[in-house]
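# Topology and contacts: notes
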Amino acid sequence: MKESSEVNTREAEPIIIGAGPAGLTAAYQIGKAGGTTTVLEADSVVGGISRTAERDGWRFDIGGHRFFTKVTAVSDLWHEILDSEDFLLRPRMSRIYYDGKFYDYPLKATNALRNLGIWESILCVLSYVWIRINPPKDQTHFEGWTASRFGWRLYGKFFKTYTEKVWGIPPSELQADWAAQRIKNLSLFKAVINAVLPKRNQKDITSLIEEFEYPKFGPGMMWEKCHDLVIDQGNEVLFEHKAEKFIHENGEVVSVTASGPDGSVTFPASSVISSMPLPHLLQAMDPPASSEALLAASSLTFRDFLTVALIVPEDKGFPDNWIYIHSGDVEVGRVQNFGQWSPYLVKEGRTCLGLEYFVNIGDKLWNSSDEDLINQGIHELQVLGLVDPEVIEGGYVVRMPRAYPMYDNDYQKNVETIRSWLDTHAQNVYPVGRNGMHRYNNQDHSMLTAMLSVENIFGASHDIWQVNVEEDYHEEIAK
Ligand SMILES: Cc1cc2nc3c(=O)[nH]c(=O)nc-3n(C[C@H](O)[C@H](O)[C@H](O)COP(=O)(O)OP(=O)(O)OC[C@H]3O[C@@H](n4cnc5c(N)ncnc54)[C@H](O)[C@@H]3O)c2cc1C
């Protein structure tokens with residue numbers, strides 16, 4: 001923090017931390033209810049993980065961001081913010097690359113049989129029958145949970161390597177929650193039934209979302225427009241203002257201090273809606289939180305993310321929105337084709353392939369120069385046989401810290417400890433969103449938790465921690 005400090009002259013009002021989907025939704029809802037608020041954003045752009053990065057006129061997501069929700073209030077809000085002509089309805093196409101072959105995703109029986117061959121298919125089915133008779137004793141972790149539903153053989157082919165890439169730990173150390181959130185209700189048996197039955201008979205939508213909405217200039221377009229609306233309502237959004245101190249007394253936070261470009265600024269707060277990482281919120285409390293809560297905060301960790309975006313002629317891309325790379329020969333985990341998401345993201349006759357790497361801040365990949373990462377990306381596309389290095393015209397690197405809240409063995413206990421400290425000492429603080437609640441989520445969860453928290457500020461009493469937008473909605477297995 002710089003030397004100078006000032007106190008904001010606005011009266012105590014709700015202060016919002018973060019201008020991602022959760023923070024901007026909260027600000028917009030407060031504005032609609034006739035209130036005013038100040039949003040503090042550490043970065044210089046809106047959208048958080050749902051931003052659309054822009055380099056030399058190319059636009060790309062941090063991963064691809066589909067707009068799909070079961071929550072009407074959320075989809076209504078999307079359509080309130082953007083005009084209908086700003087949305088594209090995109091067909092979904094994705095495949096899994098494994099052992100030199102492409103598997104349709106979701107699974108199609110004929111394609112899987114052709115790729116695996118008859119003997120391997122029989123072995124997979126036998127392995128499934130075996131696990132139904134001898135289920136793994138421990139199904140509290142990802143490995144046991146998933147193997148019990150698909151058999152060890154299919155687990156080894158389609159789940160193990162990718163999961164290790166995403167999380168950087170053995171799947172036996174990852175809580176089953178992640179699998180339950182992503183694969184819920186799907187098993188080999190159901191997948192085969194789904195592959196065989198006509199579409200209209202399929203009740204289980206897990207992994208079967210075949211089209212989705214997408215703002216034509218990417219998810220960032222939603223949050224850029226939402227930001228403009230929030231400003232028109234008379235609210236403030238302050239960029240490069242990182243919330244660093246929360247003064248609390250008598251069980252409530254009374255002010256938030258942020259470090260800004262001109263020094264520190266203190267904002268009197270009537271309440272706080274926080275989408276900053278939950279452990280960072282706890283660590284910024286003044287007086288400090290209990291040693292037990294601080295220990296829980298320092299034990300919550302994240303997985304970080306970077307994209308190497310490579311420009312290629314349009315006809316050198318592929319028809320998929322993205323391809324999962326279940327191959328241990330390369331470090332890349334997934335490849336997006338942004339031209340297949342929206343032609344407005346790319347330039348005439350060209351497309352942009354986004355190679356996704358799951359990393360930890362400070363590790364070899366994170367610390368590599370952009371040039372080295374681009375060269376690695378080009379080399380890995382060649383190893384995979386996806387794109388010839390000679391046709392690649394340029395590249396960019398985008399890094400995103402804390403993209404994934406880590407679901408390790410103790411995360412629930414640690415979140416619980418922090419919650420209970422906040423419930424007593426900071427009752428007017430509402431943690432919302434992805435890292436704000438340490439919840440592996442999509443935008444709809446972030447938005448709904450923000451909307452309900454605003455209602456709580458105006459007198460409602462929703463239990464935000466019970467919000468579950470995935471009751472009926474599950475994405476794809478391998479995400
Ligand atoms: C690879 C990938 C693919 C995804 N795909 C999809 C998808 O297809 N569909 C979908 O709906 N969702 C998807 N998501 C999830 C989506 O990105 C998140 O759910 C959403 O961005 C979370 O919004 P949020 O506002 O809760 O948090 P964030 O997006 O993390 O925003 C939090 C904001 O708070 C700011 N901040 C942090 N600390 C401070 C501080 N101390 N002071 C001030 N500001 C601070 C950050 O800079 C950030 O702008 C995906 C995520 C990833 C990683």
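Because the structure is predicted, anything quoted here is derived from the model rather than measured.

### Brief notes about the sheet that holds strand β19 (residues 394-405)
In space, the seven strands of this open sheet follow the order β8-β7-β16-β17-β18-β15-β19, with mixed pairing throughout. With partners counted over all chains shown, the strands left at the sheet margins are β8 (101-105) and β19, one partner each. Across the sheet, the mean angle from the axis of one strand to that of its neighbour is 25 degrees, orientation sign disregarded. In this structure, strand β15 (residues 302-313) lies alongside β19, joined through nine bridges in antiparallel fashion. Residue pairing across strands places Thr307 opposite Val398, the latter belonging to β19.

### A look at the pattern of salt bridges
Within the structure shown, the criterion is met by 12 salt bridges. The partner of Arg59 in a salt bridge is Glu54, and the shortest N-O contact between them spans 3.2 Å. Under the relative-accessibility criterion, Glu54 is labelled partly exposed at 45%. Put simply, Asp320 and Arg95 hold a salt bridge, and the shortest N to O gap is 2.8 Å. Linking Asp320 in the loop between β15 and β16 (322-325) with Arg95 in strand β7 (residues 94-98), this pair joins segments that are 225 residues apart in sequence. Residues joined in a network through salt bridges with shared partners are Glu54, Arg59 and Glu224.

### Here's the deal with the domain arrangement of the chain
Assigned domains within the chain: domain 1 (5-50 + 69-82 + 216-300 + 408-466), domain 2 (107-203) and domain 3 (302-405). The gap between the C-alpha centroids of domain 1 and domain 3 is 31 Å. Each partner contributes to the interface: domain 1 provides 14 residues, whereas domain 3 provides nine residues. Surface buried jointly by domain 1 and domain 3 totals about 1,000 Å² across both partners, of which 68% is contributed by carbon and sulfur atoms.

What counts and what doesn't
Residues numbered from 1 in each chain as written. Predicted model: local features only at pLDDT ≥ 70, side-chain atom pairs only at ≥ 80, totals over all residues. Heavy atoms only, no water. Pairing = 2+ DSSP bridges. Helix = DSSP H or I, 4+ residues; strand = E, 2+ residues; numbered from the N terminus. Axes fitted to C-alpha atoms, helices over the stretch in contact; angles between N-to-C directions. Salt bridge = Lys/Arg side-chain N within 4 Å of Asp/Glu carboxyl O. Buried < 20%, exposed > 50% of the residue type's maximum accessible area, 1.4 Å probe, protein only. Domains from an automatic or database assignment. Contact = heavy atoms within 4.5 Å. Buried area = accessible area lost by both parts, 1.4 Å probe.

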